[in-house]
Amino acid sequence: MKTRSRIAAALAAASLIALTGCGANAGATNASAGDFPKKGKTIDLVVAFSSGGAVDTAARLIQPILEKELGTNVEVINKPGAGGQIGYTQLTSAKPDGYTIGATGSPSVVVSPLDPARGAKYTRDSFQPLGRQVIDPTVIAVQPDSPYTTLKELLDAAKANPKSLTASTTGLQTGEHFALAQIQENTGSEFAPVHFSEGASQATTAFLGKHVDVLVANVSDVTDLTKQGKARVLGVMTSERAPSLPDVPTFKEAGYDLEAGTVRGYSAPAGLPDEVAKKLEAAIKTAIEDPTVKEKMSALGLQTSYLSGEDYKQFWAGQEEDFKKVLPLVQKTD
Amino acid sequence: MTTESVTTTTASTVRVAPSVLAGIGAFAAVGAYVLVTSVDLGLWTSLGPGPGLFPFAMGAVLVAMAVVWLFQELRRPSQTAEGVDRGLVIAVALSLVVLAAVLDLLGFQLSMFLFLMYHLKLRGRRGWPSSLITALAGSVGAFYAFNYGLNVSLPVSAFPLLNTIGL
Amino acid sequence: MDTLNELLNGFAAAMTWQNLLFAFLGCLLGTVIGVLPGIGPVAGVALLIPLTMNLDATGAIIMLCAIFYGTAYGGTITSVLLNTPGEAASAITTIDGYAMTKIGKAGAALTIAAVGSFVGGTVATIGLVAAAKPLGELGLLVGPPEFFALMVVGISLLVALAGKSMVKAVISGALGLLIAMVGIDPVAGAPRFTFGMDRLLDGVSFVAVIVGVFGLSELLSYRKGDQPAAVHAPNFRSLLPTGNEWRRSAPAMARGTGIGFGLGLIPGMTGSVSSLLAYGAEKKFSRHRSELGKGAIEGVAGPETANNSHANAALIPLFTLGIPASPTIAVLMGAFLQQGLTPGPTLFTEHSEIAWAIIASLFIGNLLLLLLNVPLVGLWTSILRVPSSILTALILLFMVIGAYTINFSVFDVFVMIGFGLLGLALRHLDIPLAPMVLTLVLGPLMERSLRESLEISQGDFSIFTSRPISAVLIGLGLLIVFSPLLKLRKPKALNEDPET
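Cut-offs used in this document
Residues numbered from 1 in each chain as written. Chains lettered and ligands numbered in written order. Predicted model: local features only at pLDDT ≥ 70, side-chain atom pairs only at ≥ 80, totals over all residues. Heavy atoms only, no water. Buried < 20%, exposed > 50% of the residue type's maximum accessible area, 1.4 Å probe, protein only. Helix = DSSP H or I, 4+ residues; strand = E, 2+ residues; numbered from the N terminus. Contact = heavy atoms within 4.5 Å. Salt bridge = Lys/Arg side-chain N within 4 Å of Asp/Glu carboxyl O. Polar contact = N/O pair within 3.5 Å; in protein donor to acceptor, adjacent residues only side chain to side chain. pLDDT = per-residue confidence, 0-100. Phe/Tyr/Trp six-rings, centres within 6.5 Å; stacked < 30°, edge-to-face > 60°. Lys NZ or Arg CZ within 6 Å of the ring centre and 35° of its normal. Core = buried A, V, L, I, M, F, W, Y, C linked by side-chain atoms within 4.5 Å. Axes fitted to C-alpha atoms, helices over the stretch in contact; angles between N-to-C directions. Parallel < 35°, antiparallel > 145°, perpendicular 65-115°, else oblique. Left-handed = near helix turned anticlockwise from the far one by under 90°. Nonpolar A, V, L, I, M, F, W, Y, C, P; charged D, E, K, R; others polar. Domains from an automatic or database assignment. Expected span 1.5 Å × (residues − 1).

Description of helix α5 (residues 93–102) of chain C
Residue and element names in this part refer to chain C.
Then, in step 1: Judged by how many residues are buried, α5 sits mostly within the fold: nine of 10 residues are covered.
Then, in step 2: Of all the residues in α5, the buried ones are Thr93, Thr94, Ile95, Asp96, Gly97, Tyr98, Ala99, Met100 and Thr101.
Then, in step 3: Within two residues after α5, Gly104 carries a phi angle of roughly 85 degrees, on the positive side.

Spelled out as structure tokens, the structure:
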């Protein structure tokens, strides 16, 4: 008797496990686009990173304004893991009815579908960009007592003696790694990259301890360091000078036409009905450009730089092109 | 240093216990598998250890240790601990597996309620009132406490029907 | 002295009614967060930041810091009482802590943990006051090669954790290292042992493994007639440690404070490393080391003191350099920024009064934590009086929520179940669990720092021996490993004095 009931239980369990796969994606019903969003129906904002981080903070800042604009609940859902891949997969496999949107940050969202080894289940076309919030440009900095005072000096030295200078990144195929690869490809210089996979603070710490020569980071990371005189920023990879670093020349000014940076924005799974897309984009625009939000973002060191859904889409395509060009360089060939 | 095990000659001390053999076998097998697959990952790069080096080393260690252990056992079989309570293990493990399987399907409250009721009433043989109260507190109570108190969302059901009644 | 003056002013500011209340609330919330499954310190601090947004800067930061070191204690409560670690750093406390509960000494364990936490935290804060800047700079000296060398020392303590059978300890350690390797490798970015599953790209979740291997496997290992500790609900007398236990804890606390403080200064070290190494140190150096694993008070005193000492010391890099030493502190730093305060040296020049008020409240907070929790020991241990079937059910509930809320995914619950079964097998085969935890925590750190060091030196291994600090540490590690072989005579037990 006991054995039989155990077998029955095992069979039941097995079939339930099979059903588990269905459980994850069932849910949203059809809503006609005209009355989007239905009051009382929650819109999920999927954040592919853990709570407390920059992407999550930004999302939670716009959440209350989105709620006001759209007239319904907006809930931030964290789905961290695999450098954003888990959350992005969730976002792109949701129904494109407007009730699931997500925070998309590059380079993670641009890079992850490019490398076949990562097995990402989405491509750029799986996303429908709704609006860009901030762009945090990449900078190159050296030790305050370094012999190099201009970007050109540094790059020439790296060209003359390849791999003699160590440069930090926040991991393989991260924004900094790509930026470094772009610089190397464009100028012929060669650095020895050191990948600090625990992130920007680990890279900064190593730089402050003088364990690496060059710090590759974002504007928001180095603003404070320059104030304390702990780093000398030689160039910023954007078309205009960064407001928080007014004395730092852009790469373009120094003669190298290169742009790179971390970008954060919001997208939906591709295939939204037009009306739904319009409403979402408008709400997101208002949220991003809201003065309190902008102020809080700049307190975190991030400059708001809004782009509409369409423009964000083009920007994203451009970034993908840039990254594709240097992808072979950042993939280990050993 | 191996401590001397108390050598009381009970029935089967001359033989190596089957569970120990199974354990040794399992570790050896895992070790061998890791050893083989890690070669593909690359053992050495220009800058030092490749992704496969540490796994390779660990696989080798597991196999080596399994062999040494086997010899130790053959020389002096250890007295294994008393057996596990199979009924308990199956009941708990299986109920957990079922719970995890239906968590997203039925939602946290319903799944956990059923789970708790199983353990309280069926296995624990408690009375209806205490089982129900505890199960409700642990399922519905916990759900609301986490959701509204801590802003941590536990799963809701995938069935719209259950959604409408708040599950 | 100037610093003393500033500190006294800080105390005056910190002892206003509001700030005292905030510190108290922070300790309370922090403890609760540590107790609750599923909310680790990172998420907990992050979730409570909005609460503090409406307070003034000083009050907000005071509360957040209190939450931060409060969680370090909270995780201990479930480790000791329910054999389920509330957070990663409390994992090692389950070994002796729960063993003490089983022999009816839960109260003593919790009290010693509370006192140890107070001692560790206070000493660390004194360090912050006395020598913040030089200590901060010291932390910077630890680059990847030194980090790696530290890991070598850590893993060499595996030898100390071995116990009866070296073979089994090594198997346990090898297993831990292998589990740690699942995921994307830091060298080439290629997935290792992920079997095509997205979820495994980040590796197997540490908390799920720990909850399974310690908590669930213990539950599964009960034989007929065993009860999960409900039988051993202590009476009032046994709530407090005996005089002997106090005496034995003292050296353990001293060692724990040192280890936690030293490691806390190093950015990138997590609290679990400190508590693990403190446990290893007890195994190596304590007079009562043979009792470890069966309910020795040192097994609680050492790790718990190290844990809190670490948590408070980790604030030093934040205050002096503006560098967050761990994810939790990074979240704390975000809160600083949102309040308009930039942590780092500028904090002392631009907002000196606020900075010193916060530091003063660190002292107060550690004291409050002690005053809050010691009386509550009776309350916490009364959990054990709950009938065992309800207790089991509740423990299971805890574990499931804990595992699920790591990544809000059912996958981690399955991981927990799997490791529960593995833990059961290991217990049955008499394979020690501690070495596995050690390598699971240290393994990834070691591989990562090895790779970083070689990237800096471009493949030259001499980087480890040419740099003084790392050379010394590696030498220390080797010494620890080979010291049993060098001893000519096995050290005599306890009270025997070989000379005169």
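Now that the structure is up, let's keep going.
With respect to the interface of chain B and chain C
Then, in step 1: Listed per partner, the contact involves 61 residues of chain B and 58 residues of chain C.
Then, in step 2: The tally of links between chain B and chain C comes to zero salt bridges.
Then, in step 3: For the pair chain B and chain C, the number of links is two residue pairs in polar contact (both at pLDDT 80 or more).
Then, in step 4: Mapped by element, the contributors of at least two residues to the side of chain B that touches chain C are α1 (18–40), β2 (48–49), α2 (53–75), α3 (86–106), α4 (108–123) and α5 (128–149) of chain B.
Then, in step 5: Ranked by the residues each element gives to the side of chain B that touches chain C, the list is headed by α3(B), at 11 residues.

Digging into the confidence of the model for chain B
Then, in step 1: Summary statistics for chain B give a mean pLDDT of 81 and a share of 85% for residues scoring 70 or more.
Then, in step 2: Within the model, pLDDT remains below 50 along residues 1–5 of chain B, and this stretch shows six contacts once partners closer than five positions in the same chain are excluded.

Considering the packing of aromatic side chains
Then, in step 1: Summed over all chains, the structure comprises 14 aromatic pairs over all chains.
Then, in step 2: Between Phe143(B) and Tyr144(B), the ring centres sit 5.5 Å apart and the planes meet at 85 degrees, which makes this aromatic pair edge-to-face.
Then, in step 3: With a relative accessible area of 37%, Tyr144(B) lands in the partly exposed category.
Then, in step 4: Centre to centre, the rings of Phe461(C) and Phe464(C) are 6.5 Å apart; their planes meet at 50 degrees, and the pair counts as tilted.
Then, in step 5: With relative accessibility at 40%, the residue Phe461(C) sits in the partly exposed group.
Then, in step 6: Since its relative accessible area comes to 5%, Phe464(C) is described here as buried.
Then, in step 7: Sitting over the ring of Trp128(B), Lys121(B) keeps its end group 5.0 Å from the ring centre.
Then, in step 8: Between the NZ or CZ atom of Arg448(C) and the centre of the ring of Phe147(C), over which it lies, the distance is 5.7 Å.

Regarding unusual backbone geometry
Then, in step 1: The step from Ser106(A) to Pro107(A) runs through a cis peptide bond, and the omega angle for that step is 10 degrees.
Then, in step 2: Assignment of secondary structure puts Pro107(A) in the loop between β3 (100–106) and α4 (108–111).
Then, in step 3: Here the phi dihedral of Lys163(A) falls at roughly 65 degrees; this positive angle occurs in a residue that is not glycine.
Then, in step 4: Position of Lys163(A) relative to the elements: it lies in the loop between α5 (151–160) and β5 (166–169).
Then, in step 5: For Lys163(A), a relative accessible area of 38% gives the class partly exposed.
Then, in step 6: Positive phi outside glycine occurs at Gln458(C), with the angle close to 55 degrees.
Then, in step 7: By the secondary structure assignment, Gln458(C) is in the loop between α19 (434–457) and α20 (463–466).

Things to note about the nonpolar core
Then, in step 1: Counting residues in hydrophobic clusters, the biggest one holds 122 residues, and the most contacted among them are Leu96(B), Phe108(B) and Phe336(C).
Then, in step 2: If we ignore the near neighbours within four places in the chain, the residues touching Phe336(C) are Ile61(C), Leu318(C), Phe319(C), Leu341(C), Pro343(C), Leu347(C) and Ile358(C).
Then, in step 3: Grouped together as the second largest cluster of nonpolar side chains are 97 residues, Ala217(A), Ile323(C), Phe411(C) and Leu438(C) included.

Brief notes about the packing of helix α10 (residues 243–264) of chain C against helix α12 (residues 298–313) of chain C
The description of two packed helices rests on the angle between their axes and on the distance between the axes.
Residues and elements named next belong to chain C.
Then, in step 1: Running from amino to carboxyl end, α10 crosses α12 at an angle of 30 degrees, the nearest separation of the two axes being 7 Å. Looking at the two axes, α10 sits roughly parallel to α12. Between α10 and α12 lies a crossing whose hand is right-handed. Each of Arg248, Ser249, Ala252, Met253, Gly256, Thr257, Gly260, Phe261, Leu263 and Gly264 in α10 lies in contact with α12, whose residues at this interface are Glu298, Ala301, Gly302, Thr305, Ala306, Ser309, His310 and Ala313.

With respect to the pattern of salt bridges
All names here are of chain C.
Then, in step 1: According to the stated counting rule, one finds 15 salt bridges over all chains in the structure shown.
Then, in step 2: Across the pair Glu245 and Lys105 runs a salt bridge, and its minimum N-O distance is 2.9 Å. Placement of the pair is Glu245 in helix α10 and Lys105 in the loop between α5 and α6 (106–140), with a sequence separation of 140 residues.
Then, in step 3: Here Arg427 and Glu218 are joined by a salt bridge, their closest N and O atoms 3.3 Å apart. Placement of the pair is Arg427 in helix α18 (residues 410–428) and Glu218 in helix α9 (residues 206–220), with a sequence separation of 209 residues.

Describing the side chain of Asn83(C)
All names here are of chain C.
Then, in step 1: In this structure, Asn83 sits in the loop between α4 (57–82) and α5.
Then, in step 2: A residue is classified by how much of its surface remains accessible, and Asn83, at 4% relative accessible area, is buried.
Then, in step 3: Polar side-chain contacts of Asn83 include one of 3.1 Å to the backbone oxygen of Phe214.
Then, in step 4: Ignoring anything within four residues of it in the chain, the contact list for Asn83 reads Thr78, Thr94, Tyr98, Phe214, Gly215, Glu218 and Arg427.

A word on the packing of α9(C) against α19(C)
Residues and elements named next belong to chain C.
Then, in step 1: Closest axis-to-axis distance for the α9/α19 pair is 12 Å, and the angle between their directions is 180 degrees. The orientation of α9 relative to α19 falls into the category roughly antiparallel. From α9, Phe206, Val209, Ile210, Val213 and Phe214 reach across to α19, where they touch Met436, Val437, Leu440 and Val441.
Then, in step 2: For the contact of α9 with α19, a count of residues per class yields nine nonpolar, no polar and no charged.

As for the environment of Ser361(C)
Residue and element names in this part refer to chain C.
Then, in step 1: Structurally, Ser361 can be placed in helix α16 (residues 352–381).
Then, in step 2: In sequence terms Ser361 and Ile61 are 300 residues apart; their C-alpha atoms lie 9.7 Å from each other.
Then, in step 3: Residues contacting Ser361, with those up to four places away along its chain left out, are Ala14, Ile62 and Tyr69.

Description of the confidence of the model for chain C
All names here are of chain C.
Then, in step 1: Of the residues in chain C, 89% reach a pLDDT of 70 or more, and the chain-wide mean stands at 80.
Then, in step 2: Note on residues 488–500: pLDDT under 50 across the span, and four contacts to partners over four residues away in sequence or across chains.
Then, in step 3: Two summary scores accompany this predicted model of the complex, namely pTM at 0.77 and ipTM at 0.85.

Regarding the environment of Thr262(A)
Residues and elements named next belong to chain A.
Then, in step 1: Turning to its location among the elements, Thr262 is positioned in strand β9 (residues 261–269).
Then, in step 2: Distance from Thr262 to Tyr99, taken between C-alpha atoms, is 26 Å for residues 163 residues apart in sequence.
Then, in step 3: Discounting chain neighbours no more than four positions away, the residues touching Thr262 are Ser106, Pro107, Val134, Ile135, Asp136 and Asn218.
Then, in step 4: There is a polar contact of 3.0 Å between the side chain of Thr262 and the side chain of Asn218.

A look at the domain arrangement of chain B
Then, in step 1: Domain assignment breaks chain B into domain 1 (18–75) and domain 2 (86–164).
Then, in step 2: Taken over C-alpha atoms, the centre of domain 1 of chain B sits 40 Å from the centre of domain 2 of chain B.

Re α19(C)
All names here are of chain C.
Then, in step 1: Spanning 24 residues, α19 covers 34 Å between terminal C-alpha atoms, matching the ideal 34 Å at 1.5 Å per step.
Then, in step 2: Within α19, 23 of the 24 residues are buried, which leaves the element mostly enclosed by the surrounding structure.
Then, in step 3: Within two residues after α19, Gln458 carries a phi angle of roughly 55 degrees, on the positive side.

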